[in-house]
Amino acid sequence: MTHETPLILPSLLAADWSRVAAEVKRAEDVGVQWLHLDVMDGAFVDNISFGPQMVQTVRKCTSMFLDVHLMIHRPDHYVDRFIHAGADNITIHVEARYDSSVLETLRHIRAAGKQAGIALHPDTPFEAALPYVNDIDLLLVMTVVPGFGGQPFMEKETMPKLAAARDYRDAHGLKYHLEVDGGIYTHTAPIAKAHGANLFVCGTSFYGPSDTAAAMAELKACVA
Ligand code: DX5
Ligand code: ZN
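Only a predicted model underlies this, so the values are computations on that prediction, with no experimental measurement involved.

A.B. asks: So what's going on with helix 2 (residues 52-61)? Residues and values would help.
C.D. replies: Among the residues of helix 2, Met 54, Val 55 and Val 58 are the ones counted as buried. In an axial view of helix 2, the angular spread of the buried residues amounts to 100°, which keeps them on one side of the axis. Opposite the buried face of helix 2, at more than 90 degrees from it, the exposed residues are Gln 53 and Lys 60. At its buried positions, helix 2 is contacted by helix 1 (20-28), strand 2 (34-40), strand 3 (65-71) and helix 3 (75-85).

Here it is, written out as structure tokens:
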């Protein structure tokens, strides 16, 4: 898989948590390779979701690649718990508070054999990620304000940044994936793809429709 491989990443935040195992299987059954898990602490974002135990629960249900998105302060304090819970990629926000530093945390994640990502809030410029581009496997460009699913896609605030991240990567021979997250539907995913995205986080657009196979087919077709 390269940074040109388009993937649909269902976000568990939009699933029915009373049936987590079935919702994970729902994704597996339609060929999903990466599952996105949104961790929220109620401090970095104005919402609280779940922690390492949910990652561990999902890990027991599936062999899919678990893409853990930490919307939390002090991600370095908690990161080992997510590593041990079975995360395959761990993405941290440049805007969060750290006991150590963003760079040390990224290097710690990779030293544990996991993939590491940096996430940017819609208000944060691409330049904020520059010190870390050699230490990441993916750059997550948030296309909504982090904290809730079901929000509208923020095209004008985020697409120029996404294209800048792509152009910088390609001009410098780097290989990081470009992931978009929030408000990704069949009408917005092609816009993000045209600006360089290859990983598409879909919460409402994947777990909303009852015909999951049809939803996945439509989403895959619009980023192919
Ligand atoms: C928001 C999360 C997103 C969200 C996507 O903070 O990071 O992953 O779940 O939700 P939709 O796809 O419903 O906009
Ligand atoms: Zn997310």
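A.B. asks: Can you tell me about the pairing of strand 7 (residues 177-181), naming the residues and giving the values?
C.D. replies: The buried fraction of strand 7 amounts to five of the five residues, a majority that puts the element mostly inside the structure. Every second residue of strand 7 is oriented toward a common face, with His 177, Glu 179 and Asp 181 on one face and Leu 178 and Val 180 on the other, all of them buried. Tracing the backbone out of strand 6 (residues 138-142), into helix 5 (residues 155-171) and back to the parallel element strand 7 gives a crossover that is right-handed. By the bridge criterion, three bridges tie strand 7 to strand 8 (residues 199-202) in an arrangement that is parallel. Bridge pairing in strand 8 places Val 180 opposite Phe 200. Read as a crossover between parallel neighbours, the route from strand 7 over helix 6 (residues 189-194) to strand 8 is right-handed.

A.B. asks: Pulling in residues and values, what's your account of the coordination of the zinc ion (ligand 2)?
C.D. replies: On the protein side, the zinc ion (ligand 2) has His 36 (NE2), Asp 38 (OD), His 69 (ND1) and Asp 181 (OD) as donor atoms, found 2.0 to 2.3 Å from it. Given six donor atoms and angles of 67 to 175° at the metal, the environment of the zinc ion (ligand 2) is assigned as octahedral. Taken in chain order, the donor set of the zinc ion (ligand 2) reads H-x1-D-x30-H-x111-D. You can see Asp 38 sitting in strand 2 and its partner Asp 181 sitting in strand 7, a full 143 residues away along the chain. Each of the two residues, Asp 38 as well as Asp 181, counts as buried.

A.B. asks: Go over helix 8 (residues 212-221) with me, naming the residues and quoting the values.
C.D. replies: Listed in full, the buried residues belonging to helix 8 are Thr 212, Ala 215, Met 216 and Leu 219. Down the axis, helix 8 shows its buried residues gathered within 95° of arc, on one side only. Among the residues of helix 8, the N-terminal cap falls to Asp 211, whose side-chain oxygen and the backbone nitrogen of Ala 213 are separated by 3.3 Å.

A.B. asks: Could you give an account of the pattern of salt bridges, with specific residues and numbers?
C.D. replies: One pass over the structure, following the stated rule, counts ten salt bridges. Across the salt bridge formed by Glu 23 and Arg 19, the nearest N and O atoms sit 3.2 Å from each other. As a salt-bridge pair, Glu 157 and Lys 156 come within 3.3 Å of each other at their nearest N and O atoms. One salt-bridge network, in which partners are shared between bridges, spans Arg 19, Glu 23 and Arg 26.

Cut-off values and rules
- Residues numbered from 1 in each chain as written.
- Chains lettered and ligands numbered in written order.
- Predicted model: local features only at pLDDT ≥ 70, side-chain atom pairs only at ≥ 80, totals over all residues.
- Heavy atoms only, no water.
- Buried < 20%, exposed > 50% of the residue type's maximum accessible area, 1.4 Å probe, protein only.
- Helix = DSSP H or I, 4+ residues; strand = E, 2+ residues; numbered from the N terminus.
- Arc of directions from axis to C-beta.
- Contact = heavy atoms within 4.5 Å.
- Right-handed = clockwise from strand over helix to strand, strands pointing away.
- Pairing = 2+ DSSP bridges.
- Donors = N, O, S within 2.8 Å, 3.2 Å for Na, K, Ca; no water.
- Tetrahedral: all angles 85-135°; square planar, octahedral: opposite > 155°, others 65-115°.
- Polar contact = N/O pair within 3.5 Å; in protein donor to acceptor, adjacent residues only side chain to side chain.
- Salt bridge = Lys/Arg side-chain N within 4 Å of Asp/Glu carboxyl O.

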